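Here is how the chains run, residue by residue.
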There are 2 protein chains.
Amino acid sequence: MTPAFELEGETATTHHTNSANNGANDNQIGFKSRVSVIGSGSWGSVAAKLVAFNTLNLSSFHDEVKMWVFEETLQSGEKLTDAINRTNENIKYLPGIKLGKNVIADPDLDNAQEDVHFVYGHDVYIQLKMQTCWFLSPPHQFIDNICKSLVGKVRSDAEAISLIKGMEVKIEGPCLISTYISEQLGINCSVLMGANLANEIAEEKFSEATVGYRNNREIAEQWVQLFTTPYFMVTPVQDVEGVELCGTLKNVVAIAAGFVDGLDMGNNMKAAIIKFGLREMRDFCKLLFSSVKDDTFFESCGVADVITTCFGGRNRKVAEAFAKNGGKRSFDELEAEMLQGQKLQGVPTAREVYEVLRHWGLLELFPLFATVHEICSGCLPPSAIVIYSEKKPRLPV
Amino acid sequence: MTPAFELEGETATTHHTNSANNGANDNQIGFKSRVSVIGSGSWGSVAAKLVAFNTLNLSSFHDEVKMWVFEETLQSGEKLTDAINRTNENIKYLPGIKLGKNVIADPDLDNAQEDVHFVYGHDVYIQLKMQTCWFLSPPHQFIDNICKSLVGKVRSDAEAISLIKGMEVKIEGPCLISTYISEQLGINCSVLMGANLANEIAEEKFSEATVGYRNNREIAEQWVQLFTTPYFMVTPVQDVEGVELCGTLKNVVAIAAGFVDGLDMGNNMKAAIIKFGLREMRDFCKLLFSSVKDDTFFESCGVADVITTCFGGRNRKVAEAFAKNGGKRSFDELEAEMLQGQKLQGVPTAREVYEVLRHWGLLELFPLFATVHEICSGCLPPSAIVIYSEKKPRLPV
C-alpha cells in the first residue's frame, strides 16, 4: 500500500477500508476528493495545470494532483518523472510552463492501483465521485491495456472524464472511448473536448472547451468547476456522443485541410473543405447516435475546434507536408520527423471511420472522410481531395 | 433607345414592344435572355466573368454580358469603361484577369434605362425572367438611388439576384436588400452569397457559393446554371433571408476576428470568436425570420464564408490594423489608406445591427455584435473584445 495517495479528511479511513462501497459517506463535511491526471503529453500536462489551479481553491478537493507519466529516460540520463518533480515542468512535452507546485508526477500505474480509490492510465480523467479524480489522456491505443489493468479495482461510484480523441472499431460497430471506459470499469464517463491548442492554453491565452455529459448535470458542473480558469472557459452540453465524436472526427477534417494547404489551393477551398467536413461530422454522428444535437456543432467542440485544428494543429501540419511531397513520404515517416514522439490522430481515425462506413455500405455518403483515408493509405494522390469533372465540380469524388 | 441592348431571337420584337407583359412568350424557341451585371468592384467583375463564361455555352442566353461601371477617370486620363473595353480587364479593381470578350463595360445607367428590359445599379444581379438579367453589386448605400431611378421601368416578370452584403435599417425594423429591391421594383429577388474571395475566384481556384431563393426552384436552378463553372460550385437553398443575412453579418464577425489578430490573442481565441459570431448570426437571423433554417449555417454562405472572411477578407485586415493602433486611427482613415477605394462592410453593418438590437432592447443577448460596434465607434478599446472577470471569463462583456 502506497501512502502517497491517502485520502484527506474525516472519512478517509472509512473509505480506505471500504473501498468498494457506494460512496454514501462521501458527502460528510470535511471530505475531500482527489484528482489524478493520467497521461503526460502536452495536453495531459496542460490539463494537470488547469485542474491543479482549481484544486488549490476548491475546498471539496485535495490540493495535490497526481499526474501519471509514461516513464522515459531523457538524454541527460534523468528520468522524466524526476525531471518533472524537480523542475515542476514537463520539460519534454511542455517545456517552459510551470504546472503548479501541487502537480506530482508518478511513473507507476501499479502503485496507484494498490489504492483502489484512484487509477492512472493514458489520457482519461476519472473522478471517484466526490472523492478521487483521475485523468487518462492521449494515444487511445494505450487505453485498452490501462483499462484492463484497472478492472475490478474501481469503485462503482467513480466518475471519469475522457479527453481522448479516437474510437475503437469492433466487428459489431464503433465504440466510443468513453463507452469503453464505462463498460470496462463499470463507471460513468463524461468527455471534455474543444478548441484548445495545448501550447496556447499553457501560455494562458483565452481558450474554450465543452464538457459532454450523459444525464447528471451536477457531475457536469463539477467538471466545469475543475477545469475553468480565467483564461479557460468550459461549457457543459448534454450530448456526450456528439461532443466526443466531434473531438475525434475533427482530426480527419484537419488532414484534408492540410492537403489543401500543401497543394496551395487557397482560402476558399479550405473553407469549403471545413464546411464539408463539419457536415460529414454531423451526419456521421447522427448516423451513429440519433440523440446527437445540431446545437453541439455550434459549441467549442464543434465548429471552433474544427477551425483551430484545421489552421493550427499537428494533423494539418503533417498532412501539409505529406501533400507537398506528393504522398511519396509516408505519414509514419513524417510523424517521426516532425512531431518529436507525439502521435497523429487523424490518420488512424480516418481508417476507423472508413471501416465503419464500408461495413455499413455508406462510403458514398461521406466522400470527404472516404477520400482522406484513401489518400492517407496511398490509394489516391493528395490532389484527389478535389477532382473537377468537366462541368460540375464534385468535392471530393 | 440604345440599340446596344436589343434582344436576340425571334420574339425580340414582340418583347420590345410589349415590355410590360408577363413574359408568357419567353419560352418560345429561339428566345434568348440577356444578363447584365450592375457594379464593377472586384466581386462584380468576377461575377461578370463567371456569368459571361456560361452565357457563351447556354443557348437560352445572349452571349453578351453588360457590366455597368461607376465611371472614373484613371491616372492615365483614360476612362475606366474605356480601359475595361480596351483591355478586357478591370484594370483598377481586378487587374490581370481577363473578364471574357463578351463582357462589355457601360458607364451610363440612364442609357440602360431607356430599354425597360434591363437595369443597371450597384451590386445586384437582376434577371428579367427568361429574357434579361441584371446585376447590382457592392456598396449597398448606392442601391437606394439606383432602385429609385428604375421604379416603373421594370417588367413585372423580371428576376433579380442580389450579391449585396448589408441591410437597410428603418424605424419599423430592418429591411433586407433583396426585399428592398423586390418592393421597389415589384419583382422577385434571390441572393447569392458564399465563401468566395474575389481574387481567388478570379484566379480560378476552387470556390463555392449559395443561392438563396424564396419559392421557385426553377429560377434558383437557372441562377445556379449561370454562375457555376468548373471551379465555382453553387448550391441552391430555399432560405433567402438566412442566406442573405449570413453574407451581411459575417462581416461583423470578421471585424471581431481582426481585433483578435491585431491583439495577437491566438488561434483558440479566434476560433472562439468565430463560434460566438456564428451563433449570434444564427440567433439574429431567427429573431428576424422564424423561417430561417439551421442547415443554412452549414452551407457555403454560413460557416465557410465566416471562416474565409475571418482569415482572408478586407474587414479582418483593416480591423487588425485598427487594433494594432489601439483604436487611435479611425476605420475611415485606415480604409482610405489600405483599400484603394473599396469599402468596408462590417463597420456600417455592425452599426445597423446595433440599432436593430437597441431598438428591440436585445443588446444583452448579442454581446459580440454589440461589442464590435462599441469598439468601432470608439466607446470601447479593441481589447474589450474579451474581458475577463475574476473567476469566469465572459466573452465579450
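On a predicted model such as this, the values are computed, not experimentally measured, just so you know.

Here the focus is the relation of the copies chain B and chain A. When chain B is fitted to chain A, the residual RMSD is 0.0 Å, and the transformation amounts to a turn of 180° plus an axial shift of 0.0 Å. This pairing of chains is accounted for by a two-fold axis. Mapped onto chain A, 100% of the interface residues of chain B are again interface residues, and the two copies thus contact each other with one and the same surface.

Taken together, the contact pairs 48 residues of chain B with 49 residues of chain A. When chain B packs against chain A, close to 4100 Å² is buried across both sides, 60% of that on carbon and sulfur atoms. Considering only the surface of chain B that becomes buried against chain A, B:F206, B:N268 and B:F298 emerge as the three largest contributors, covering 21% of it. For the interface between chain B and chain A, the tally reads six salt bridges. Connecting chain B to chain A are 16 residue pairs in polar contact (both at pLDDT 80 or more). If one sorts the elements of the side of chain B that touches chain A by residue count, helix α10 (residues 267-288) of chain B sits on top with eleven residues. For the side of chain B that touches chain A, the per-class residue count stands at 25 nonpolar, ten polar and 13 charged.

Residue and element names in this part refer to chain A. Among the eleven residues in helix α12 (residues 314-324), eight count as buried, and that is most of the element. Those residues of α12 lying buried are N315, R316, V318, A319, E320, A321, F322 and A323. Immediately beyond the C-terminal end of α12, within one or two residues, lies G326, with a positive phi of roughly 60°.

Our next topic: the confidence of the model for chain A. Residues and elements named next belong to chain A. Of all residues in chain A, 78% have pLDDT values of 70 or greater, and the mean over the chain is 79. Below pLDDT 50 for its whole length, residues 1-28 participates in 61 contacts with residues either more than four positions away or in separate chains. Contacts of residues 389-393 to residues separated by more than four positions or lying in other chains number 14 contacts, the stretch itself having pLDDT below 50.

Attention now goes to the UniProt feature "binding site: NAD(+)" (unreviewed entry) in chain A. Residue and element names in this part refer to chain A. Mapped onto the present numbering, the UniProt feature "binding site: NAD(+)" (unreviewed entry) falls on G39, S40, G41, S42, W43, G44, F70, F142, A198, R314, K343 and Q345. Of note, G44 is situated in helix α2 (residues 42-55). With a relative accessible area of 0%, G44 lands in the buried category. As for its placement among the helices and strands, K343 is situated in the loop between α13 (331-338) and α14 (346-360). Given the relative accessible area of 48%, K343 is considered partly exposed. Non-local contacts of K343, meaning those with residues more than four positions away in its chain, are made with R314 and E335.

Let's shift gears to the domain arrangement of chain A. Residue and element names in this part refer to chain A. Each assigned domain of chain A is listed with its residue range as follows: domain 1 (33-238) and domain 2 (241-390). The interface of domain 1 with domain 2 comprises 27 residues on the first partner and 32 residues on the second. The largest share of the area that domain 1 buries against domain 2 comes from K165, M167 and L176, three residues that together contribute 24% of it. Linking domain 1 with domain 2 are one salt bridge. Notably, a salt bridge pairs R214 with E241, separated by 2.9 Å at the nearest N-O pair. On inspection of domain 1 and its partner domain 2, the count reaches six residue pairs in polar contact (both at pLDDT 80 or more). The set of elements that each furnish at least two residues to the side of domain 1 that touches domain 2 consists of β9 (167-170), β10 (173-176), α6 (177-185), β11 (188-193), β12 (207-212) and β13 (232-237). For the side of domain 1 that touches domain 2, the element with the highest residue contribution is β12, accounting for four residues. Split by residue class, the side of domain 1 that touches domain 2 holds 13 nonpolar, eleven polar and three charged.

Calculation criteria
- Residues numbered from 1 in each chain as written.
- Chains lettered and ligands numbered in written order.
- Predicted model: local features only at pLDDT ≥ 70, side-chain atom pairs only at ≥ 80, totals over all residues.
- Heavy atoms only, no water.
- Least-squares fit on C-alpha atoms with pLDDT ≥ 70 in both.
- Contact = heavy atoms within 4.5 Å.
- Buried area = accessible area lost by both parts, 1.4 Å probe.
- Salt bridge = Lys/Arg side-chain N within 4 Å of Asp/Glu carboxyl O.
- Polar contact = N/O pair within 3.5 Å; in protein donor to acceptor, adjacent residues only side chain to side chain.
- Helix = DSSP H or I, 4+ residues; strand = E, 2+ residues; numbered from the N terminus.
- Nonpolar A, V, L, I, M, F, W, Y, C, P; charged D, E, K, R; others polar.
- Buried < 20%, exposed > 50% of the residue type's maximum accessible area, 1.4 Å probe, protein only.
- pLDDT = per-residue confidence, 0-100.
- UniProt positions renumbered as here; feature names shortened; annotations may be inferred.
- Domains from an automatic or database assignment.

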